[in-house]
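Understanding the architecture of this molecule
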Amino acid sequence: MDDIKTENLSATSFDLFADLEETKHEQIVLCQDQATGLKAIIAIHNTVLGPGLGGTRMWQYAHEKDAIRDAMRLSRGMTYKASIAGLNLGGAKAVIIGDPKTMKSEALMRKFGRYVDNLNGKYITAEDVGTTTKDMEYVQMETDHVVGLPESMGGGGDPSPVTAYGTYMGIKASAKKAWGNESLSGKSIAVVGIGKVGMHLLDYLHKENAKLYVADINDAALQIAANKYRAIIVSAEDIIGLDVDILAPCALGGIINDDTLPKLKCQIIAGAANNQLEDEIIHGDALKSSGIIYAPDFVINAGGLINVYSEYNGYVRENAMAQTENIYNTILEIYKKSERDNVNSQQAAILHAQKRIQDIMLVQSTY
Ligand code: NAD
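Chains are numbered independently. Their residues run from 1 in the order of the written sequence. This being a predicted model, a pLDDT of at least 70 is required before a residue's local features are given, and a value of 80 or more before pairs of side-chain atoms are given or counted; all residues contribute to the totals for chains, interfaces and linings. As a convention, hydrogens and water are excluded, and side-chain values are obtained from all of the structure's heavy atoms.

Overview of the packing of helix H6 (residues 196–207) against helix H7 (residues 219–229)
Between N-to-C directions, angles span 0 to 180 degrees; the directions come from axes that are lines fitted to C-alpha atoms, helices contributing only their stretch in contact. The way it works is that DSSP assigns letters per residue, a run of H or I at least four long becomes a helix, a run of E at least two long becomes a strand, and they are numbered from the N terminus. Interhelical geometry of H6 versus H7 gives an angle of 15° and a closest axis separation of 11 Å. Accordingly, the angle class assigned to the pair H6 and H7 is roughly parallel. Judged by the twist between their axes, the crossing of H6 over H7 is right-handed. For the pair H6 and H7, contact is made by Met199, Leu202, Asp203 and His206 and by Ala221, Ile224, Ala225, Lys228 and Tyr229, respectively. Taken together, the residues of the contact of H6 with H7 sort by class into 6 nonpolar, 1 polar and 2 charged. Should an angle fall under 35 degrees it is called roughly parallel, over 145 degrees roughly antiparallel, and 65 to 115 degrees roughly perpendicular, with every other angle called oblique. We call a crossing left-handed when the near helix sits turned anticlockwise from the far one by less than a right angle, and right-handed when that turn is clockwise. Between two residues, a contact is recorded if the distance between any of their heavy atoms is within 4.5 Å. Residue classes follow a fixed rule: Ala, Val, Leu, Ile, Met, Phe, Trp, Tyr, Cys and Pro count as nonpolar, while Asp, Glu, Lys and Arg count as charged, and any other residue, Gly among them, counts as polar.

Brief notes about the domain arrangement of the protein
Once the domains are mapped, the protein shows domain 1 (16–77 + 89–146) and domain 2 (160–354). Centre-to-centre separation of domain 1 and domain 2, based on C-alpha positions: 27 Å. With 7 residues of domain 1 at the interface, the matching set in domain 2 holds 7 residues. Between domain 1 and domain 2 lies a buried interface of about 590 Å² when both sides are counted; carbon and sulfur atoms form 59% of it. For the purposes of these results, a polar contact is taken to be a pair of N or O atoms within 3.5 Å, where, inside protein, one atom must be able to donate a hydrogen and its partner to accept one; residues adjacent in sequence count only when each atom of the pair is a side-chain atom. Applying the counting rule to domain 1 against domain 2 returns 0 residue pairs in polar contact (both at pLDDT 80 or more). The element that contributes the greatest number of residues to the side of domain 1 that touches domain 2 is helix H2 (residues 64–84), accounting for 3 residues. Residue classes in the side of domain 1 that touches domain 2 are distributed as 4 nonpolar, 1 polar and 2 charged. Just so you know, the domain bounds were taken from an automatic or database domain assignment. As used here, buried area is the combined drop in accessible area, with a 1.4 Å probe, of two parts when they are placed together.

Description of the pairing of strand E4 (residues 56–59)
When DSSP locates at least two bridges between a pair of strands, those strands are taken to pair. As paired strands, E4 and strand E5 (residues 90–97) are joined by 4 bridges and run parallel to one another. Paired with Met58 across the strands is Ile96, a residue of E5. A clockwise course of the path from the first strand over the helix to the second, judged with the strands pointing away from the viewer, identifies a crossover as right-handed. In terms of handedness, the path from E4 via H2 over to E5 forms a crossover that is right-handed.

A few points about the sheet that holds strand E7 (residues 188–192)
Strand order across the open sheet formed by 6 strands is E9-E8-E7-E10-E11-E12, with parallel pairing between neighbours. Of all the strands in the sheet, the pair left with one neighbour each is strand E9 (232–233) and strand E12 (293–294). When E7 meets strand E10 (residues 246–249), the two strands line up parallel, connected through 4 bridges. Among the inter-strand pairings, Ala190 is bridged to a residue of E10, identified as Leu247.

Following this line, the structure appears as structure tokens:
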């Protein structure tokens, strides 16, 4: 990382080595095994701070280049997430091409585990979209370089409660920035997506007497939120434009885009979903100029990564939670940097993450 700037890949053209140069990726590993049907990409973005950690996504991509792009984009995000969370971890991610419902098998996952093992610890894998803890048990039969295992196997189990706690901390820091007081009592908060993270988040917000609104495509989850947390159910279309204090996206990425931006009435956007800004620069800048405080996604949702990283030092959930609490301070620091450097908060967070990597490179320049 020889300069501090943020990179953008062209949405239309694809030139692998030019893209690798642009994003400063260290290594891309293509894995192919005819017997098991494995086609995978392991993208290692940056290992200055430590081994590259990132989950394995299994997805049916329309084109192979989309899979490579996804692995590159996600691995770069992991570099920044680990750096800003103060972890001694680099960024990497793996993608297995195929339908997880029909193509997954013990043999395929174990073969993938062998490819991970061949990297000798430079890459550490974990579960992600399309893979499960069970799959990681198969991976672990072939390599030690896997985290996110069940508690029964000495792992940290489901990271979602820790992610939710970090998100809650980030929301409180954002409230402090907006209103000079971190209390959420009486604040109206709309949570979009009440899955594993969103539901745990509701619990924290309810305990602080926030006024809750929820949207999801899962009716059963909505009923639980209404009964247990007195949340008001809103449609997924309407929740974006609700006149609330805080919007907490906890479902899919790309929720802040050209269509949704003009509808926003909230003062803060702070939630766990990955890649909330469809375009980090255009939509991040638009939020900044409209005065909406935006908690950068990879900072506020780092609790899950902190949780799996804790497995390396003998897992203790309290330690993972204590480290996750620091997201409060980091978010406030990013808001200060955003103002000082006059860049949007997402860009401020990326620059902050890059700076730590540059600094640590200097530390490692002598034996
Ligand atoms: P999840 O799949 O358990 O929950 C997602 C929820 O969003 C589901 O209830 C789903 O029904 C709902 N949803 C899907 N499409 C929707 C739509 N169009 N409108 C409204 N709701 C919709 O996932 P999760 O683990 O809770 O993760 C939520 C987000 O947080 C994801 O973006 C994930 O990448 C990110 N994240 C999760 C963790 C973690 O520890 N689980 C860590 C970091 C980031």
